[in-house]
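Commentary on secondary and tertiary structure
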Amino acid sequence: MADIKTSTTSLTQGKPKFSVALQSEGYKQLINNTLGDPKVAQRFVANISSVVANNSTLQKCEPASILTAGFQAESLNLPLNQSLGYAYVVPYGDKAQFQIGYKGLIQLAIRSGQYTDIDTFTIKDGEYKGRDKNTGRPIFEFIEDDGVAESKEVIGYMATFTLLNGFTKQLYWSKEKTIKHAKQYSKSFGNGSRTDLWSNQFDLMAMKTVLKQLLSKYGLLSVE
């Protein structure tokens, strides 16, 4: 796949409608040269066109930025269908950005073939018991009754994995720490728009964030 950033730089002049831009010879050539396979290119155009057509805010973004975000999803071999939750093309002002989804992260981990277990879940009020004084690891006492657990407030999020060689790791973030992180790094946090996934799917975004932090530091990911 060709260098995405370099390839799209020359196409950022002006801001034609995305559907119109896709029909230009410059974009057609860029897509074909970047993806290589005509069938892959045809599928890509159909998918990215559908994503943009179903998002009025995204339609206002620069076509080159939309294409770049789409290429990033394609380079990771993650489907662009937004409802699947693997990858997103998210509008930020007049620019679009690629954002990996919760299922996308898990998919890249699964592809490595190195995990026996990987999971994320919410921690309810009363389940967190502090940290082990020797190891510093968080201690939990999970509520066994699902009905009781459902009625409790979510106070944090945990991600955990175990590799084939027996290596295991977990990461716990309180809800307060998760919110602080989102405010610092998410451009759309708290704006209440349909593109603000933190407002619309907070727990899912929180679990994805904790999982991403864990995997990026200790985990193994693979595109293949």
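Read on for a plain summary of the structure.

Definitions and cut-offs
Residues numbered from 1 in each chain as written. Predicted model: local features only at pLDDT ≥ 70, side-chain atom pairs only at ≥ 80, totals over all residues. Heavy atoms only, no water. Helix = DSSP H or I, 4+ residues; strand = E, 2+ residues; numbered from the N terminus. Buried < 20%, exposed > 50% of the residue type's maximum accessible area, 1.4 Å probe, protein only. Contact = heavy atoms within 4.5 Å. Salt bridge = Lys/Arg side-chain N within 4 Å of Asp/Glu carboxyl O. 1 Å grid on protein atoms, 1.4 Å probe; cavity = no way out; pocket = protein on both sides within 12 Å on 5 of 7 lines; lining within 4 Å. Points joined across faces, edges and corners; volume = space filled by probe spheres on them. Nonpolar A, V, L, I, M, F, W, Y, C, P; charged D, E, K, R; others polar. Phe/Tyr/Trp six-rings, centres within 6.5 Å; stacked < 30°, edge-to-face > 60°. Lys NZ or Arg CZ within 6 Å of the ring centre and 35° of its normal. Pairing = 2+ DSSP bridges. Axes fitted to C-alpha atoms, helices over the stretch in contact; angles between N-to-C directions. Patch = residues over 30% accessible without salt bridge, like charges linked within 9 Å, V, L, I, M, F, W, Y side chains within 5 Å. Areas by Shrake-Rupley, 256 points an atom, 1.4 Å probe, with all protein chains shown as cover. Lys, Arg positive; Asp, Glu negative; His and termini not counted. Charge placed at Lys NZ, Arg CZ, Asp CG, Glu CD. Parallel < 35°, antiparallel > 145°, perpendicular 65-115°, else oblique. Left-handed = near helix turned anticlockwise from the far one by under 90°.

1. Overview of the overall build of the protein
On a plain count of helices and strands, the protein comes out with ten helices and seven strands. Relative to its full complement of 224 residues, the protein shows a buried share of 42%. Taking as baseline every contact in the protein between residues at least 6 positions apart, the subset at least 24 positions apart corresponds to 59%.

2. Re unusual backbone geometry
Where the residue is not glycine, phi is negative for most of them; where a peptide bond is considered, it is trans in most cases. Although it is not a glycine, Asn 77 adopts a positive phi angle of roughly 60°. Structurally, the position occupied by Asn 77 is in the loop between α5 (63-75) and β1 (87-92). Taking relative accessible area as the criterion, Asn 77 reaches 47% and is therefore assigned partly exposed.

3. Describing the pattern of salt bridges
This model, assessed by the stated rule, comprises one salt bridge. Glu 74 is paired through a salt bridge with Arg 43; the nearest N and O atoms lie 2.4 Å apart. Pair noted here: Glu 74 is in helix α5 and Arg 43 is in helix α4 (residues 38-53), with a separation of 31 residues, a long-range link. Judged by its relative accessible area of 39%, Arg 43 is partly exposed.

4. Let's talk about empty space enclosed by the protein
To locate leftover empty space, one rolls a probe as large as a water molecule over the atoms. Enumeration according to the criterion identifies one cavity of 30 Å³ or more in this entry. Each pocket or cavity is described by its volume, and for the largest cavity that value is around 50 Å³. Taken together, Tyr 88, Gly 101, Tyr 102, Leu 197, Gln 201, Leu 204, Met 205 and Lys 208 make up the lining of the largest cavity. At three residues, helix α10 (residues 202-218) tops the list of elements feeding residues into the lining of the largest cavity. Its residues assigned to classes, the lining of the largest cavity shows five nonpolar, two polar and one charged.

5. As for the packing of aromatic side chains
Geometrically, a pair of aromatic rings is defined through the distance of the ring centres and the angle of the planes. Counted by the stated rule, this structure contains nine aromatic pairs. An angle of 20° between the planes, with centres 5.1 Å apart, marks the rings of Phe 44 and Phe 71 as stacked. With a gap of 27 residues between them, Phe 44 in helix α4 and Phe 71 in helix α5 connect regions that are remote in the sequence. The exposure class assigned to Phe 71 is buried, which follows from its relative accessible area of 0%. For the pair Phe 140 and Tyr 172, a centre-to-centre distance of 5.3 Å together with 70° between the ring planes defines the contact as edge-to-face. Of the two residues, Phe 140 is situated in strand β5 (residues 138-140) and Tyr 172 in strand β7 (residues 168-174); the sequence distance between them amounts to 32 residues. Owing to a relative accessible area of 17%, Phe 140 belongs among the buried residues under this scheme. Among the aromatic residues, those joined into a cluster by ring pairs are Phe 121, Tyr 128, Phe 140, Phe 142 and Tyr 172. Looking at Lys 169, its charged tip hangs above the ring of Tyr 218, at a distance of 4.5 Å from the centre.

6. Quick notes on the sheet that holds strand β6 (residues 154-163)
Neighbouring strands of a sheet are bound in pairs by backbone hydrogen bonds; such pairs are parallel or else antiparallel. In space, the three strands of this open sheet follow the order β3-β6-β7, with antiparallel pairing throughout. The open sheet has two edge strands, β3 (115-124) and β7, and neither has a second partner. Neighbouring strand axes in the sheet, compared pairwise and without regard to direction, differ in orientation by 10° on average. Summarising the sheet, β3 and β6 pair through nine bridges and their orientation is antiparallel. If you follow Tyr 115 over to β6, its bridge partner there is Leu 163. Running at roughly 80° to β7, helix α8 (residues 175-185) makes contact with β6 and β7 of the sheet.

7. With respect to a negative patch on the surface
A cluster of acidic side chains, namely Glu 141, Glu 144, Asp 145, Asp 146 and Glu 150, defines a negative patch on the protein surface. Structurally, the position occupied by Glu 150 is in helix α7 (residues 146-151).

8. Some remarks on the packing of helix α6 (residues 102-111) against α10
Axis separation between α6 and α10 bottoms out at 9 Å; the angle between their running directions is 30°. By the criterion of interaxial angle, the relationship of α6 to α10 is roughly parallel. The element α6 and its partner α10 pack so that their crossing is left-handed. Together, Tyr 102, Leu 105, Ile 106 and Ala 109 of α6 and Leu 204, Met 207, Lys 208, Leu 211, Lys 212 and Leu 215 of α10 make up the contact between the two elements. Among the residues forming the contact of α6 with α10, the class breakdown is eight nonpolar, no polar and two charged.

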